[in-house]
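Read off the chains here:
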Amino acid sequence: MDMSEVNIDAAVIGKEISLNRSEEKLIEFSNGCICCTLREDLLIEVSKLASEKKFDYLIIESTGISEPLPIAETFTFADKQSIALSEIARLDTMVTVVDAVNFMKDYEEARMLQEAGESLGEDDERSVTDLLIEQVEFSDVILINKTDLVNSEALEKLRCILSYLNTQAEIIAIENGCVDIFKILNTGKFSFEHAQQAPGWLKEMRGEHVPETEEYGISSFSYSARKPFHPQRFYDFLHQPWTDGKLLRSKGFFWLASRPDYAGQWSQAGGIARYGYAGMFWQAVPRNEWPQDETYMQSIMEKWQEPHGDRRQELVFIGQNLDRHALCQWLDECLLTDEELKAGTDCWAALEDPFELWQT
């Protein structure tokens, strides 16, 4: 499947591969995306294959610039007759292939997909790093390919980094794309519930992941606080040159004193970093507008702490040779002082705030 007008993969496969049975054919999807325009086509073709009862497994190889979550969600798509792909085929395993030679270089380079000549068009504002992190974090199995082109230390370091980015995936080192087929077929590894919780940063935030060792100086930790950040001091923290170790991944939510009702979202991977509006804190939402579901209510109250309710700082950092103590002390200095805190929200609103206006 290729997301371009000319399906290069189909052309190559059609020329180079002889199918076992004369009545079999190559089904080609062109100029579309499996997670939007081609969902119904995929459902139709998979239904046909399933009804023939000739095949045990179906492998969907998406283009390198596709995002894995929408592909997985395709299995929940229902047609006009309310038939979903999941009723015909079971999504078994999400596999990502990592280039052992170029992964870290591409991850840190901060190039945009348009610069790399791999974008979906002029409106595609994703970076190469965005794509790499999404594909790695969402995987059930990560195949590190081209291992014969790197030394053992570089390979183990890459394996260690990947294990922090995705704490659940099975990581397999391979050469020339050769892998035991049953490592990627009929593994039963995929589940939507686990996929939504897979990223290492999220597990760290929830206190679920405590690494046994810190190989190659790679470690992760979370920062939390129940005071708001002074907007100018936190802005300066985010924009200062990073000299303390190598920050591989950081993500989470932050609370600015000048915007007390709203949570900000921070996300950094390699050389790409973004922040912006994440949503409202529940304490700022009228109680009559709260969800009625008991499980949802319980999740809100688990984060509740007077006098500020669910307002808080929750940030996670994964990196190499990070000075955890110094970093946390730096963030503590971004918080309001006791005097600033006592001044109240009217004074907070007047604080210097260099962040762009959030589109709520």
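The structure reproduced in this document is the subject of the present report. (Residues numbered from 1 in each chain as written. Predicted model: local features only at pLDDT ≥ 70, side-chain atom pairs only at ≥ 80, totals over all residues. Heavy atoms only, no water.)

With that settled, consider the sheet that holds strand 6 (residues 262-269). Taken in spatial order, the five strands of this open sheet run 4-8-5-6-7, and their pairing is antiparallel. Each edge of the open sheet carries a strand with a single partner, namely strand 4 (218-225) and strand 7 (272-280). Sheet twist, expressed as the average angle between the axes of neighbouring strands with direction ignored, equals 10 degrees. Pairing geometry for strand 6 and strand 7, over eight bridges, is antiparallel. For tyrosine 262, the partnering residue across the bridge sits in strand 7 and is methionine 280. In this fold helix 5 (residues 128-137) packs onto strand 5 (246-255), strand 6 and strand 7, with an angle of close to 65 degrees to the strand it touches most, strand 7. (Pairing = 2+ DSSP bridges. Helix = DSSP H or I, 4+ residues; strand = E, 2+ residues; numbered from the N terminus. Axes fitted to C-alpha atoms, helices over the stretch in contact; angles between N-to-C directions. Contact = heavy atoms within 4.5 Å.)

To continue, consider the pattern of salt bridges. Side chains that differ in charge, positive against negative, can pair when their charged atoms come close. Here the structure, examined in full by the defined rule, presents 14 salt bridges. Close ionic contact of lysine 303 with glutamate 314 constitutes a salt bridge, the shortest N to O distance being 3.2 Å. In this pair, lysine 303 sits in the loop between helix 10 (294-302) and strand 8 (313-320) while glutamate 314 sits in strand 8, placing the two residues eleven residues apart along the sequence. Glutamate 314 sits in the buried class, given a relative accessible area of 11%. Salt bridges sharing partners connect three or more residues here, namely Glu170, Lys183 and Lys189. (Salt bridge = Lys/Arg side-chain N within 4 Å of Asp/Glu carboxyl O. Buried < 20%, exposed > 50% of the residue type's maximum accessible area, 1.4 Å probe, protein only.)

Our focus in this paragraph is the side chain of serine 250. Mapping serine 250 onto the fold places it in strand 5. A polar contact of 2.8 Å, which involves the side chain of serine 250, links it to the side chain of tryptophan 266. Setting aside anything within four residues of it in sequence, one finds serine 250 in contact with Trp266, Ser267, Gln268, Val316 and Phe317. (Polar contact = N/O pair within 3.5 Å; in protein donor to acceptor, adjacent residues only side chain to side chain.)

For the rest of this paragraph, the subject is the nonpolar core. Within soluble globular proteins, side chains that are nonpolar generally end up buried alongside one another. Residues Phe103, Tyr107, Leu158 and Leu162 are the most contacted members of the largest nonpolar core, which totals 26 residues. Those elements that provide at least two residues to this core are helix 4 (103-109), helix 5, strand 2 (141-145) and helix 6 (152-165). Sorting elements by how many residues they give to this core places helix 6 first, with seven residues. Residues lining this core come from more than one domain, with at least three contributed by each of domain 1 (28-198) and domain 2 (206-350). Discounting chain neighbours no more than four positions away, the residues touching leucine 158 are Val98, Ala100, Phe103, Met104 and Ile144. (Core = buried A, V, L, I, M, F, W, Y, C linked by side-chain atoms within 4.5 Å. Domains from an automatic or database assignment.)

Another aspect to go through is the sheet that holds strand 1 (residues 95-99). With parallel pairing, three strands are arranged side by side in an open sheet as 1-2-3. Each edge of the sheet is formed by a strand with only one pairing partner; in this case those strands are strand 1 and strand 3 (170-173). The mean inter-strand angle of the sheet, taken between neighbouring strand axes irrespective of direction, is 20 degrees. Of the strand pairs in this sheet, strand 1 and strand 2 are connected by five bridges, and their pairing is parallel. Its bridge partner being in strand 2, valine 95 is matched across the sheet by valine 141.

This paragraph deals with the environment of valine 316. Mapped onto the fold, valine 316 is located in strand 8. On the accessibility criterion, valine 316 (1% relative accessible area) is buried. Taking the C-alpha atoms as reference points, valine 316 and serine 250, 66 residues apart in sequence, are found 5.3 Å from one another.

Right, let's get into unusual backbone geometry. In this model, glutamate 306 is joined to proline 307 through a cis peptide bond whose omega is 10 degrees. Relative to the helices and strands, proline 307 resides in the loop between helix 10 and strand 8. Its identity is not glycine, yet lysine 53 carries a phi of approximately 55 degrees, on the positive side. Non-glycine residue asparagine 186 carries a positive phi angle of around 55 degrees. Topologically, asparagine 186 is positioned in the loop between strand 3 and helix 7 (192-196).

This next bit is on the pairing of strand 6. In the sheet, strand 5 pairs with strand 6 via seven bridges, with the strands oriented antiparallel. Looking across to strand 6, one finds that serine 250 is bridged to glutamine 268. With antiparallel pairing between neighbouring strands as the criterion, strand 5 and strand 6 make up a hairpin whose turn holds six residues. Hairpin connection of strand 6 to strand 7: two residues between the antiparallel strands, including glycine 270 at a positive phi of 60 degrees.

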